[in-house]
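# Fold and contact review
Next come the chains, spelled out residue by residue.
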Amino acid sequence: MSLFQTSLKPLKELFRVRMINTVRSALRTMFFYFGYVIITILISSLLVLLSPFLSQRSIYSVSKFWCRFVLFWLGLCCGVKYKITGLENLPKSPCVIVSNHQSSWETLLFYQLVTPVSPILKQELLRIPFFGWALSLVGPIAIDRSTPRNGVLDTSDAADHQPYDASIERWT
């Protein structure tokens with residue numbers, strides 16, 4: 001065996017391990033999204049169909065359950081773990097929460113932590129089949145971002161648009 005062949009052996013093993021990890025990660029991600037889509041369609045459909053018979057509090061409870069389930073499913077499938085500190089700093093009464101929006105994860109977490117909540121969101125989200133239909137039931141403040149002037153909403157104005165006694169989430 002030549003020196004060249006001997007030096008390639010660790011590289012081949014490293015490549016094999018990385019390939020296995022990449023495939024494993026892709027499978028876990030696909031499994032997560034499969035479950036995520038199924039539960040979203042099921043819960044959204046049930047929520048939309050039953051909404052005429054549910055109180056606003058019940059609609060928020062179902063939405064909160066969905067968020068908890070998605071976070072649980074994400075942890076189960078993809079190993080995402082988190083630790084929450086400072087919950088005692090969240091007010092018990094309705095308030096305005098301003099957060100730096102970086103992913104869908106913190107949106108799900110805030111819905112779980114602060115209920116009821118009325119998010120300020122882009123209007124296009126309400127057009128997503130199933131998800132958007134159910135999202136419209138929690139009383140979001142939808143902003144049309146097609147024209148920048150119309151997309152500007154002062155946070156103090158948001159409370160006037162919000163139909164329920166809920167906190168308001170604003171993402172920056």
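Further up the page is the structure itself.
Because the structure is a prediction, the values reported are computed rather than measured. Every chain begins its residue count from 1, and numbering advances along the sequence as written. Whole-chain, interface and lining totals are the exception, using all residues; otherwise, since this is a predicted model, local features are given only for residues with pLDDT of at least 70 and side-chain atom pairs are given and counted only at 80 or more. Only hydrogens and water are set aside; all other atoms, that is, all heavy atoms of the structure, feed into the side-chain values.

### Quick word on the overall build of the protein chain
- Scanning the protein chain from N- to C-terminus turns up 6 helices and 4 strands.
- Counting from the amino terminus, the protein chain carries its helices and strands in the arrangement α-α-β-α-β-α-β-α-α-β.
- For each residue, the accessible area found with a 1.4 Å probe, counting protein chains only, is set against the maximum for its type, and the residue is called buried under 20%, exposed over 50%, and partly exposed in between. The buried share of the protein chain, taken over its 172 residues, is 30%.
- Considering only contacts in the protein chain between residues 6 or more positions apart, those separated by 24 or more positions represent 65%.
- For the protein chain, the accessible area works out to roughly 11700 Å², and carbon and sulfur atoms hold 63% of it. Where helices and strands are cited, they refer to DSSP runs of H or I of at least four residues and of E of at least two residues respectively, numbered from the N terminus. We call two residues contacting when some pair of their heavy atoms lies within 4.5 Å. Note on areas: these come from Shrake-Rupley sampling with a 1.4 Å probe, and a residue is covered only by the protein chains present in the view.

### What to know about the packing of aromatic side chains
- A pair of aromatic rings is counted whenever rings of Phe, Tyr or Trp (Trp by its six-membered ring) have centres within 6.5 Å, and the orientation is called stacked for planes under 30 degrees apart, edge-to-face for over 60 and tilted otherwise. Applying the stated criterion across every chain yields a total of 11 aromatic pairs.
- Judged by centre distance (6.2 Å) and plane angle (85°), the rings of Tyr33 and Tyr36 are edge-to-face. Of this pair, Tyr33 and Tyr36 both sit in helix α1 (residues 3–50), 3 residues apart, which is roughly one turn of that helix.
- Each residue in the set Phe31, Phe65, Phe69, Phe72 and Trp73 is aromatic and connected to the rest through ring pairs, giving one cluster.

### Observations concerning the nonpolar core
- The set of buried Ala, Val, Leu, Ile, Met, Phe, Trp, Tyr and Cys residues whose side-chain atoms join them within 4.5 Å is what this entry labels a nonpolar core. In this structure, Phe32, Trp66, Leu108, Tyr111 and Val138 are the most contacted members of the largest nonpolar core, which totals 22 residues.
- Here the element with the most residues in this core is helix α2 (residues 56–78); it accounts for 9 residues.

### What to know about the environment of Arg68
- Tracing the chain through its elements places Arg68 in helix α2.
- Looking at Arg68, the relative accessible area reads 46%, which means it is partly exposed.
- A C-alpha to C-alpha distance of 7.9 Å links Arg68 and Leu109, two positions 41 residues apart in sequence.

### Points about α2
- What a helix should span is 1.5 Å times the count of its residues minus one. Here α2 spans 33 Å end to end across 23 residues, near enough to the 33 Å set by a 1.5 Å rise per residue.
- Along α2, the residues that are buried comprise Ile59, Tyr60, Ser63, Trp66, Cys67, Val70, Leu71, Trp73, Leu74 and Cys77.
- In the segment just after α2, Gly79 is the residue with positive phi, at about 75°.

### Details of the side chain of Ser118
- With respect to the helices and strands, Ser118 occurs in strand β2 (residues 117–122).
- The exposure class of Ser118 is buried, given its relative accessible area of 0%.
- N or O atoms closer than or at 3.5 Å make up a polar contact, with two conditions inside protein: a donor-capable atom paired with an acceptor-capable one, and, for residues adjacent in sequence, both atoms drawn from side chains. Among the polar contacts listed, one links the side chain of Ser118 to the backbone oxygen of Gly139, at a separation of 2.3 Å.

### Concerning the side chain of Glu106
- Note that Glu106 resides in helix α3 (residues 104–113).
- Residues scored as charged are limited to Lys and Arg (positive) and Asp and Glu (negative), so that His and the chain ends carry no count. Salt-bridge detection follows one rule: a side-chain nitrogen of Lys or Arg within 4 Å of a carboxyl oxygen of Asp or Glu. Within the buried set, Glu106 has no salt-bridge partner at all; the shortest N-O distance to an opposite charge, 12 Å, is to Lys122.
- Separated by 3.0 Å, the side chain of Glu106 and the backbone nitrogen of Ser103 make a polar contact.

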